[in-house]
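Letter by letter, the chains look like this.
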Amino acid sequence: MKKRTHTCGGLRGGDAGSVVVLNGWVASTRDHGGVSFIDLRDRHGITQVVVDSAAVPGAVGLRSEDVVCVEGEVRLRPAESRNPNRPTGDVEVVARGVTVLNRSKTPPFEITDKTTVREDLRLEYRYLDLRRKALSDNIEFRHRMCHSIRNSLSGHGFLEIETPLLIKTTPEGARDFIVPSRLHPGEVYALPQSPQLFKQVLMVSGMDRYFQICKCLRDEDLRADRQPEFTQIDLEMSFVDQEDVFFVVEDMLKTLWKDLTGAALSAPFPRLSYDECMRRFGNDKPDVRFGLELFDIGDIAAGCGFKVFSDVAASKGGSVKGICLPDGAALSRKEIDETEAVAKTHGAKGLAWIKLTPDGPQGPVAKFLSPNDVARIAERAGAKTGDLLVFVAAPFETTCAALAQVRLHFGRTRKLIDTSRNAFLWVVDFPMFGWNEDDKRWEAKHHMFTSTKGAMPNLGDDLSDVKANLYDLVLNGNEIASGSIRIHRPEDQQKVFDLVGFSRAEAETKFGWFLRALDYGAPPHGGIALGLDRLVMLMRGAESLRDVIAFPKTASGTCLLTTSPSPADDRQWADLGLQLRPKPAP
RNA sequence: GGGGGCGUAGCGCAAUUGGUUAGCGCACCAGACUGUCGAUCUGGUGGUUGCGGGUUCGAGUCCCGUCGCCCUCGCCA
C-alpha cells in the first residue's frame, strides 16, 4: 500500500501538477467507457479521480465502499466541468495506478449526506452510518469541544482526575446499574450515576480544583435526550461560592463558543430564582427566547361564576393561571383542541379558553364570567382584542407544568422563538427539599450533600421554604448543567440526613466512609456538572442524542450493533454465585 | 408500567370497498458510452407484506396476540 500524501478533502487548485497518493473509499463511480470518474471519500472530503480505462486496468469493476489507493497527478479541471459545490471541485486526480486495498460487499444502505434510512438499520451498521459526513462531523465537533474544554479548565487551574467506575451503590436518586462481584458472592458494585462523592473527597484531599469528562450511568427509561450512559463535564472547586463556579463555567462556555463557532457569548449570564421561573414560566428550565409569560388569576377566579375556577381557587394548593396568545383569536377549533391535548398530557383536566373578538369574549368559558371579570383578566394578561386567553385550574404544580408546555407549544407552532439566540440562564435558589407524597416524607430535591441557604431548619419544621445553594444552567429551555455548594461540616450533613429521615445506622452503612472524610478538615467546596451530549446536540442542532454519540443505545436500552444486552451463560452465573428467578406466571 | 405512531424487495415508498400474477424509484447484475459529479441509455435479477394465530370463497388490507424501532407520560437526587 502506498501511503496517502493528502486526504480526500485537501487538494486545491494550487496543487495542480503535483503527484499525490490518496487512500479512501469509493463513494461512487461514473463509467463513460473510455474514461471513468471515481469519487474517493474519507472523513475529510471527496476528491474526483479520473481514470483512462485502457491505461489503468486496476480501476475496472470498482464498487461503492471498496477501499482503494490512487496514485496520480493533480490537474485543474476544464473550466466548464468544475464543481463549485465541493471544496476540491476545481481539481481532479488523473490516475496512474489504482490498487484495491479491500473489497466491500454491497452496503445495506447508501452512504449519502441526506439519508432517509430507518434508524434501527443505521444503528445495526453504525460503522457505515458513521461514514456519512453529517454524523462524522458531529463526532469531530464533539472532539474539538472536549479539546477546548480541557484547555479552558486546565487554564483555570483544574486537574483532570479519573474516578472509579466500580463503586458503592447509593440510595435515592436514579436506579443504579449493578455489577455483581465474583470475589464476593452476593455483593455488588454499582456503576456511577455521577462521581459526586469522589469529587467531594478529592476536595478533602486538597486537590483544590478537579474536573473530568466522565461517563455517568443511570438505569432509567430513555428519551430522545436521555441515554442510559451519558457524558458529563464534571467539576468541583474548593474555597468557593456560587459566583466562583458561575464565572468558571461562563468563561469555559465563552471559550467553547469562540473556538467552535466563532461567536462571542456575552457573560455573565442572567440569573433567575426558581420561584420567579415557576411564577413566570411554569417550569425551572424556561426558554426565554420568547414571551407568553404566565399570569395568575387566583383572586379573580375565587369570586367568579365559573365553578371550575372558583373551586380550584378555594382549594388548598390550587392555582388558576393563564397565558395570553397575541392575535390568537384567529386560532381554529382544531388548533385549540391540539393545545388542550398538550395541557392534558401534562396533567391538566382541561384547557379553558376565551377569544377576545371585536364582538366580545367568545368560547365555552366566556358565558360563565361576568364582563367585569373578563375585563380584569384581560387587563392582568395585557390582552387586547384579537388575542386568545387560555387557562388551567389545578394544583399549583400541575397548573405550572401544563401551562409551561402550552407555552412551548405556542412558541413552536406560532414560530415565536428567535432561534438565532443563545439564551443562557442561571436558575438559582432552588428549594432544598421536596415532599414525596408516595413515601410521605421530605427528600432532598437535588441530593443530600447540597448546603442550605441560611441556618439549618429543625426536625419537624415545614421544609418547603428552605432554599439550597443549588443552581442549574439552562440554554434555550434545556437544562445543561446542575450543581451546588456542598455541605462541608459533618454536623450539617448529619442534620440533612435526619431531616429526610435517613437513620444514623443507614447513613453509617451507606455513607460512613464519606462522613468520615468530612471529619478531617473538609474545605468549603462546590461544583457543577454539564451534560456534554446535550451540549453537543444543541450546538449542532441535532434532534437526538443518538446523532452525537458514536455508539448510542435504542429507546429500550439495547445496542443494535453488538446486540447487547445478551444472556449470560451458565458458567458466568455460577462464577457470580447467582441464578435466575423463574419468570412469574402471567 | 401507560398512551400514540411505524413495520411491504438491500433501501425509500405505493397498492381503491377485503378481489387478477403485490407495483414504482434508488441500489444491485449485464451491456453501451471520452467530461461526468444524484451521469445517461438499453435490458435484467430480486417478495415468508416483522412473526404467530383467527375471520373469510379470498387478507398487505379486518380481528387477536407477539416482537422490533420511534415519540411521549410516569420515572430520570
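Residues numbered from 1 in each chain as written. Chains lettered and ligands numbered in written order. Predicted model: local features only at pLDDT ≥ 70, side-chain atom pairs only at ≥ 80, totals over all residues. Heavy atoms only, no water.

1. As for the overall build of chain A
Move 1: Counting secondary structure elements, chain A contains 15 helices and 22 strands.
Move 2: Seen along its three principal axes, the alpha-carbon backbone of chain A occupies a region of about 90 × 75 × 60 Å.
Move 3: Among the 586 residues that make up chain A, the fraction classed as buried is 46%.
Move 4: When the accessible surface of chain A is totalled, it reaches about 29,200 Å², and 51% of it is carbon and sulfur. (Helix = DSSP H or I, 4+ residues; strand = E, 2+ residues; numbered from the N terminus. Buried < 20%, exposed > 50% of the residue type's maximum accessible area, 1.4 Å probe, protein only. Areas by Shrake-Rupley, 256 points an atom, 1.4 Å probe, with all protein chains shown as cover.)

2. Quick notes on the domain arrangement of chain A
Move 1: For chain A, the assigned domains read domain 1 (13-102), domain 2 (115-271 + 523-579) and domain 3 (290-417).
Move 2: On a C-alpha basis, the centroid separation for the pair domain 2 and domain 3 is 40 Å. (Domains from an automatic or database assignment.)

3. Considering the nonpolar core
Move 1: Counting residues in each nonpolar core, the largest one holds 43 residues, and the members touching the most others are Leu 253 and Leu 535.
Move 2: Per-element accounting of this core gives the leading share, nine residues, to helix α5 (residues 242-261).
Move 3: When near neighbours in sequence (up to four residues on either side) are disregarded, Leu 253 contacts Leu 265, Phe 269, Phe 424, Leu 473, Leu 530 and Leu 535.
Move 4: Membership of the second largest hydrophobic core comes to 34 residues, among which are Tyr 274, Ala 507, Phe 511 and Ala 522. (Core = buried A, V, L, I, M, F, W, Y, C linked by side-chain atoms within 4.5 Å. Contact = heavy atoms within 4.5 Å.)

4. Points about the packing of helix α4 (residues 196-204) against helix α13 (residues 504-518)
Move 1: Taken N-terminus to C-terminus, the directions of α4 and α13 make an angle of 25°; their axes are 9 Å apart at the nearest point. On the basis of their axis angle, the class for α4 and α13 is roughly parallel. As α4 packs across α13, the resulting crossing turns out to be left-handed. The residues of α13 that touch α4, namely those facing Leu 197, Gln 200, Val 201 and Val 204, are Phe 511, Trp 513, Phe 514 and Ala 517. (Axes fitted to C-alpha atoms, helices over the stretch in contact; angles between N-to-C directions. Parallel < 35°, antiparallel > 145°, perpendicular 65-115°, else oblique. Left-handed = near helix turned anticlockwise from the far one by under 90°.)

5. Considering the sheet that holds strand β21 (residues 478-485)
Move 1: Spatially, β6-β9-β10-β22-β21-β20-β17-β11 is the arrangement adopted by the eight strands of the open sheet, whose pairing is mixed. Because the sheet does not close on itself, it has two edges, and the strands there are β6 (159-160) and β11 (271-273).
Move 2: Sheet strands touched by helix α6 (residues 274-281): β11 and β17 (424-428). Its angle to β11, the strand with the most contacts, is close to 85°. (Pairing = 2+ DSSP bridges.)

6. Focus on the sheet that holds strand β12 (residues 295-296)
Move 1: Spatially, β12-β13-β16-β14-β15 is the arrangement adopted by the five strands of the open sheet, whose pairing is antiparallel. This sheet does not close on itself; its edge strands, each paired only once, are β12 and β15 (360-362).
Move 2: Where strand β14 (residues 352-357) meets β15, three bridges bridge the pair, whose relative direction is antiparallel. Pairing of Lys 355 across the sheet is with Gln 362, part of β15.

7. Brief notes about the confidence of the model for chain A
Move 1: Taken residue by residue, chain A gives an average pLDDT of 93. The fraction at 70 or more is 99%.
Move 2: The ipTM assigned to the predicted complex is 0.93, against a pTM of 0.94. (pLDDT = per-residue confidence, 0-100.)

8. Section: the pattern of salt bridges
Move 1: Tallied over the full model, the rule gives 46 salt bridges.
Move 2: Salt-bridge contacts for Glu 140 lead to Arg 144; the nearest nitrogen and oxygen are separated by 3.9 Å. A residue pair is termed a helical-turn pair when its members lie 3 or 4 positions apart in one helix, as Glu 140 and Arg 144 do in helix α3 (residues 133-155) at four residues.
Move 3: You can call Arg 144 partly exposed: its relative accessible area is 35%.
Move 4: A cluster of three or more residues bridged by salt bridges with shared partners is formed by Arg 122, Arg 126, Asp 129, Arg 132 and Asp 547. (Salt bridge = Lys/Arg side-chain N within 4 Å of Asp/Glu carboxyl O.)

9. Describing the side chain of Thr 357
Move 1: Turning to its location among the elements, Thr 357 is positioned in strand β14.
Move 2: Of note is the side chain of Thr 357, whose polar atom sits 2.6 Å from the backbone oxygen of Gly 360.
Move 3: Residue contacts for Thr 357: discarding those within four places in its chain leaves Gln 362 and Thr 385. (Polar contact = N/O pair within 3.5 Å; in protein donor to acceptor, adjacent residues only side chain to side chain.)

10. What to know about the protein's contact with RNA strand B
Move 1: Not every one of the 49 residues close to RNA strand B is listed here, only the nearest: Arg 63, Ser 81, Arg 118, Lys 445 and His 446.
Move 2: At the protein interface, 54% of the atoms of RNA strand B within 4 Å belong to sugar or phosphate.
Move 3: Interatomic distance of 3.4 Å between a backbone N/O atom of Gly 173 and a sugar or linking oxygen of RNA strand B.
Move 4: Within the side chain of Ser 194, a nitrogen or oxygen atom sits 3.1 Å from a base nitrogen of RNA strand B.
Move 5: Only β1 (19-31), β2 (35-42) and α1 (119-124) provide two or more residues apiece to the surface near RNA strand B.
Move 6: In terms of residue class, the surface near RNA strand B is made up of eleven nonpolar, 18 polar and 20 charged. (Near = heavy atom within 4 Å. Nonpolar A, V, L, I, M, F, W, Y, C, P; charged D, E, K, R; others polar.)

11. Comments concerning the pairing of strand β16 (residues 388-395)
Move 1: Where burial is concerned, most of β16 is hidden: seven out of the eight residues are buried.
Move 2: The sheet contact formed by β14 and β16 spans four bridges and is antiparallel. Considered in β16, the bridge of Lys 355 is made with Leu 388.

12. Focus: helix α9 (residues 333-345)
Move 1: Here α9 is 13 residues long and its end C-alpha atoms lie 18 Å apart, about the 18 Å a rise of 1.5 Å per residue gives.
Move 2: Turning to α9, its buried residues number three or more, namely Ile 336, Thr 339, Val 342 and Ala 343. The arc that holds the buried residues of α9, viewed along the axis, is 110°, so those residues lie on one side. Facing away from the buried side of α9 by over 90 degrees, the exposed positions are Arg 333, Lys 334 and Thr 345.
Move 3: Elements that come into contact with the buried residues of α9 comprise β14, β16 and α11 (396-413).
Move 4: With its phi angle positive at about 105°, Gly 347 sits one or two positions after the end of α9. (Expected span 1.5 Å × (residues − 1). Arc of directions from axis to C-beta.)

13. Quick word on the environment of Asn 458
Move 1: Take Asn 458: it is sitting in the loop between β19 (441-444) and β20 (470-475).
Move 2: Counting along the chain gives 99 residues from Asn 458 to Asp 359, while the straight-line C-alpha distance between them is 58 Å.
Move 3: Setting aside chain neighbours within four positions, we find Asn 458 in contact with Lys 495 and Leu 499.

14. Some words on the packing of aromatic side chains
Aromatic rings considered in pairs are described by the distance between their centres and by the relative angle of their planes.
Move 1: By the definition in use, this model includes 20 aromatic pairs.
Move 2: Centre to centre, the rings of Trp 435 and Trp 442 are 5.2 Å apart; their planes meet at 70°, and the pair counts as edge-to-face.
Move 3: When its relative accessible area of 43% is taken as the criterion, Trp 435 is described as partly exposed.
Move 4: Members of the aromatic cluster, each reached through a chain of ring pairs, are Phe 198, Phe 449, Phe 497, Phe 502, Phe 511, Trp 513 and Phe 514. (Phe/Tyr/Trp six-rings, centres within 6.5 Å; stacked < 30°, edge-to-face > 60°.)

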